[in-house]
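Working through the structure, step by step
Given next are the chains, with one letter for each unit.
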Amino acid sequence: MGQPSAAPVPSLALRGTLLDCVADPFFVPAAEAVRYVPDGLLVVENGHIAALGPFTDLQDPYAHLPLVDYSGHLIMPGFIDTHVHYPQTGMIAAYGAQLLEWLNQYTFPTERQFQDPSHARRIADLFLDELLKNGTTTALVFAAVFPESVEAFFEAALARNLRMISGKVLMDRHAPDYLRDTPQTGYAQSKALIEKWHGRGRLAYAVTPRFAATSTEAQLKAAAQLLDEFPDLYLHTHLSENVNEVAWIRELFPQYDGYLDVYDQTGLVRERSVFAHGVQITEAEFRRLSEAKAAISFCPTSNLFLGSGLFRLDRAKSAASPVKVGLGTDVGAGTSFSLLQTANEAYKVAQLRRQALSPFQALFLATLGGAQALCLEDKIGSFNPGNEADIIVLNPRATPLLALRNQAPITADLATVADALFSLLIMGDDRAVAATYILGQRFSP
Ligand code: GUN
Ligand code: ZN
């Protein structure tokens, strides 16, 4: 392992209902934000998007390519999960605790197992296959504190030619001995992993302090030093998820002006920084994230499961100081690998806040919005020609109940595809994902 599979670089054409976002439907009307071709052809050459348009227009020019007919299906960009923990795959659905107790009771003992490279590789393989079955082709992924856990993950991602971002957890206090590093070892181990993996294939490295409670100020500053030393690294951490957590951070860092300020003054609030949750953040913190062009990963299944709270998506999407937002499953606190199910819960969180999340807004969060949160919109998240051909095919009649719900045909009217898409977001899961393509190559586990 360790080498990408040597499959020929694929060229092919997919026929079906093409649907992607070209702009943000939180800020522009759906008709401008969404690209919709009811009977379309998506042309893939050398693993990248070469063209898209009506089938009748493109049929002849691309008649030489193998054609896969997905008529009656939605063809969309692969989903992007902006926050998930691969070592927590096996501890999904851990009963009865909120964040801080949940970490001590379930998470830390589970992550201990990832010192063992063969265990880490087995779970990394299982995790990536689960993502792909669910139509997720890119993710920003927490590994564990052990460098072996990152090696195993990147090897598994490279073998599948995936665009994945991950990093070693930094944690030098308030965790069991067996999971603690130090500012020096955390820095050195991260640096070695960056030198080996960052930029290899489609992989990128995220400097990953778990959260401010489990890192000393010295460790947070060492993390910032890595961001200064290497171009294009990400910063990936948790922020203001739970009220007890926020109070604890205030006690641990009394000299700082709140949770985000701890990250800010240690040099971690930047354009390529992704903060999971942000459920409890203040107006001033929203403004600071906007100014820094940092992103929030909205993780609704996790926020509901751990009883953390209701994310203020409307505030993040304010015109005056917008913050980039992607969707995160946050498995194992999250309860599903499906971005469809994650959008379902995002819709309900919005409902509880007396807001409506439209189907196209949800599609945006799961695709182009996630790509923007990861500064990858020039590569993934839409069907713009030149982009990488990470593609999914959804079947609006995948189950008997979906077939009943979606008896009406999808027509040229945007409202008909919005309705079918909404039913998939609310009722769909991995059963609705008929196919996943990685750089134009069909995934089969
Ligand atoms: N905050 C610190 N660590 C974690 C984690 O593993 N999961 C979640 N949801 N929040 C965290
Ligand atoms: Zn998390």
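Here goes a summary of the coordinates provided. Starting afresh in each chain, residues are numbered from 1 along the sequence in its written order. Just so you know, chain letters begin at A and ligand numbers begin at 1, following the order they were written in. This being a predicted model, a pLDDT of at least 70 is required before a residue's local features are given, and a value of 80 or more before pairs of side-chain atoms are given or counted; all residues contribute to the totals for chains, interfaces and linings. Water and hydrogen atoms play no part in the side-chain values, which are based on all heavy atoms of the structure.

1. Examining the overall build of the chain
Comment: elements are numbered from the N terminus, with helices defined as DSSP H or I runs of at least four residues and strands as E runs of at least two. A tally of helices and strands in the chain yields 17 helices and 16 strands. C-alpha atoms define the radius of gyration, and 2.2 Å times the number of residues to the power 0.38 defines the globule rule. The globule rule puts the C-alpha radius of gyration for 445 residues at 22 Å, and the 21 Å found for the chain is close to it. The principal-axis extent of the C-alpha atoms belonging to the chain is close to 65 × 50 × 40 Å. When burial is assessed residue by residue, the chain has 61% of its 445 residues classed as buried. In what follows, residue pairs with any heavy atoms lying within 4.5 Å of each other are defined as contacts. Taking all contacts inside the chain whose residues are at least 6 apart in sequence as the whole, residues at least 24 apart take part in 76%. The accessible surface values rely on the Shrake-Rupley method and a 1.4 Å probe; as for residues, cover is taken only from the protein chains in view. Accessible surface, the chain: about 16000 Å² in total, of which carbon and sulfur atoms supply 53%. One way to put it: in the chain the 35 positive side-chain charges average out to a point 1 Å from where the 47 negative ones average out. Only protein chains enter the accessibility calculation, which uses a 1.4 Å probe; a residue is then buried when its area is under 20% of its type maximum, exposed when over 50%, and partly exposed in between. Charge convention: Lys and Arg are scored as positive, Asp and Glu as negative, and His as well as the terminal groups of each chain are ignored. Charge coordinates come from a single atom per side chain, which is NZ of Lys, CZ of Arg, CG of Asp or CD of Glu.

2. Side note on the site of ligand 1
Taken together, His85, Gln88, Leu99, Trp102, Leu103, Arg210, Phe211, His238, Glu241, His277, Asp330 and Ala333 make up the full set of residues near ligand 1. Contacts to ligand 1 include Glu241, whose side-chain N or O atom sits 2.7 Å from a nitrogen atom. Contact with the protein chains removes 100% of the 280 Å² of surface that ligand 1 exposes when unbound. Residue contributions to the shell around ligand 1 peak at three residues, all from helix 3 (residues 99-112). Think of it as three bins: nonpolar holds Ala, Val, Leu, Ile, Met, Phe, Trp, Tyr, Cys and Pro, charged holds Asp, Glu, Lys and Arg, and polar takes everything else, Gly as well. A per-class count over the shell around ligand 1 returns five nonpolar, four polar and three charged. Any residue with at least one heavy atom within 4 Å of a molecule or strand is counted as near it. A 3.5 Å cut-off defines polar contacts: any pair of N or O atoms within that distance qualifies, except that in protein one atom must be a possible hydrogen donor and the other a possible acceptor, and neighbouring residues in sequence count only when both atoms are side-chain atoms.

3. As for the side chain of Asn395
By secondary structure assignment, the location of Asn395 is in the loop between strand 14 (391-394) and helix 16 (400-405). A distance of 2.8 Å separates the side chain of Asn395 from the backbone nitrogen of Arg397, its partner in a polar contact. Setting aside anything within four residues of it in sequence, one finds Asn395 in contact with His73, Leu424, Ala432 and Ala434.

4. Let's talk about the nonpolar core
To define a nonpolar core, start from buried Ala, Val, Leu, Ile, Met, Phe, Trp, Tyr and Cys residues and group those joined through side-chain atoms within 4.5 Å. Grouped together as the largest cluster of nonpolar side chains are 120 residues, with contacts concentrated most on Tyr86, Met164, Tyr263 and Leu289. Not counting the four nearest positions on each side in its chain, Leu289 is found in contact with Leu239, Leu260, Val269, Phe275, Ile281, Ala294, Ile296 and Val323. The next biggest cluster of nonpolar side chains, apart from the first, holds 16 residues, and it includes Leu12, Leu42, Val44 and Phe383.

5. As for the pattern of salt bridges
What makes a salt bridge here is a side-chain nitrogen of Lys or Arg within 4 Å of a carboxyl oxygen of Asp or Glu, nothing more. Under the criterion given, the structure shown has 26 salt bridges. Among the salt bridges present, the one from Arg287 reaches Glu283, with a minimum N-O distance of 3.1 Å. Here Glu283 and Arg287 lie together in helix 10 (residues 283-292), a separation of four residues that amounts to about one turn. One network of salt bridges, in which partners are shared, links Arg121, Asp125, Asp129, Glu155 and Arg160.

6. Some words on the coordination of the zinc ion (ligand 2)
The donor definition counts N, O and S atoms within 2.8 Å of each metal and applies 3.2 Å to Na, K and Ca; water is not among these atoms, so some sites may look incomplete. Protein-derived ligands of the zinc ion (ligand 2) are His83 (NE2), His85 (NE2), His238 (NE2) and Asp330 (OD), with the metal-ligand distances lying across 2.0 to 2.2 Å. Around the zinc ion (ligand 2) sit four donor atoms; with metal-centred angles ranging over 89 to 169°, the donor geometry is irregular. Here the donor residues of the zinc ion (ligand 2) are spaced in sequence according to H-x1-H-x152-H-x91-D. Linking His85 in strand 5 (residues 79-85) with Asp330 in the loop between strand 13 (324-327) and helix 13 (339-352), this pair joins segments that are 245 residues apart in sequence. Owing to a relative accessible area of 3%, Asp330 belongs among the buried residues under this scheme. In these descriptions, tetrahedral denotes four donors with every angle between 85 and 135 degrees, square planar four donors and octahedral six donors with opposite donors over 155 degrees apart and the rest between 65 and 115, and irregular any other case.

7. A few points about the state of the cysteines
We call a pair of cysteine sulfur atoms a disulfide whenever their separation is within 2.5 Å. With the rule as written, the count across this model stands at zero disulfides. Free of any disulfide, Cys21 has its nearest cysteine sulfur in Cys375, 18 Å distant. On the basis of relative accessible area, Cys21 is assigned to the buried category, the value being 0%. Cys299 provides the cysteine sulfur closest to Cys375, a residue in no disulfide bond, and the two sulfurs are 17 Å apart. By relative accessible area, which is 21% here, Cys375 ends up partly exposed.

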